[in-house]
Each structure stands twice: as structure tokens, then as C-alpha cells.
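Breakdown of the fold
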Amino acid sequence: LFLLYLLIVLKAVVSTQSTGMWVKAIRNVTQLFSELLYLSVTSLAADSARVIRIVVGRSEIDLTQIKSHYMMQYNKQLQLAVQQKCGNDLSYSNIIALIIKN
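Anyway, here's the lowdown on the structure attached to this text. Everything quoted here is computed from the prediction, not taken from an experiment.

Some details on helix α5 (residues 63–74)
Each α-helix winds once per 3.6 residues, and so residues spaced three or four apart point in a common direction. A rise of 1.5 Å per residue sets the reference length of α5, with its 12 residues, at 16 Å; its end C-alpha atoms lie 16 Å apart and thus fit the reference within 8%. When we look at burial in α5, the residues that qualify are L63, I66, H69 and Y70. Down the axis of α5, the buried side of the element spans an arc of 120 degrees, and every buried residue falls inside it. The exposed set on the far side of α5, more than 90 degrees from its buried face, consists of T64 and M72. Within two residues after α5, N75 carries a phi angle of roughly 50 degrees, on the positive side.

Below is the structure:
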């Protein structure tokens, strides 16, 4: 389980190609994933693959804490941000929204 967790964190950090993300991953994983989700849904083209990886990968680990941190940091519900940005693909948006909601 720890190796799976480590692989998810490393994949998220390496995909951003930023050394600052390494520091965030070590200090506060919740903040890292909250920021990665924010970057994914606020870019011009939503990075749906990253959103799916993070939401599904963290759903049984700490998605509740990530949602709380997202709300505190960006004053917006994660579920609404994903639905607004990724709403064109309704099946994808609805499934991700259900995972986030629960």
C-alpha cells in the first residue's frame, strides 16, 4: 500500500516537472494534490487525465482532506470546479463528481 501511495505521489510530482512540487510532496501531500487539481481545472484545456488519476487514486486515502484544503485555499468546492471545467463530457464529469461527493 505504501509503494502504491509513493508511486502516485511520484507520478503526480514528475508530471509537473517542477522542483517546488517535490518540496510540497514531502511537506504536505494534501496541499500538493489540491494544487495539482486546481492547476488541472483552471488551465485553458482541462487536464482530465490528471483529474481522474488524482481523484480515483486518492479517493480511499485522503480525498476528504484534499477537498477541505481545496475549499480553504481556493474558496470553491472541488466538485463544482471539476463539473464547470469538465462539464462537456457529462459521463466523465458525473462520475468524478460522484467520487468527490462521497
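Some remarks on the packing of helix α3 (residues 29–42) against helix α4 (residues 48–58)
Two elements in contact, α3 and α4, have axes whose closest approach is 9 Å; the angle formed by their N-to-C orientations is 150 degrees. When the axis of α3 is compared with that of α4, the two are roughly antiparallel. In the packing of α3 onto α4, the handedness of the crossing is left-handed. Along the contact surface, α3 presents V29, F33, L36, L37, L39, S40 and V41, while α4 presents R50, V51, I54, V55 and R58. Of the residues belonging to the contact of α3 with α4, the class tally is 9 nonpolar, 1 polar and 2 charged.

A look at the pattern of salt bridges
According to the stated counting rule, one finds 1 salt bridge in the structure shown. Among the ionic pairs, R58 bridges to D62, the shortest N-O distance being 2.8 Å. We classify R58 as buried; its relative accessible area is 1%.

Cut-offs used in this document
- Residues numbered from 1 in each chain as written.
- Predicted model: local features only at pLDDT ≥ 70, side-chain atom pairs only at ≥ 80, totals over all residues.
- Heavy atoms only, no water.
- Helix = DSSP H or I, 4+ residues; strand = E, 2+ residues; numbered from the N terminus.
- Expected span 1.5 Å × (residues − 1).
- Buried < 20%, exposed > 50% of the residue type's maximum accessible area, 1.4 Å probe, protein only.
- Arc of directions from axis to C-beta.
- Axes fitted to C-alpha atoms, helices over the stretch in contact; angles between N-to-C directions.
- Parallel < 35°, antiparallel > 145°, perpendicular 65-115°, else oblique.
- Left-handed = near helix turned anticlockwise from the far one by under 90°.
- Contact = heavy atoms within 4.5 Å.
- Nonpolar A, V, L, I, M, F, W, Y, C, P; charged D, E, K, R; others polar.
- Salt bridge = Lys/Arg side-chain N within 4 Å of Asp/Glu carboxyl O.

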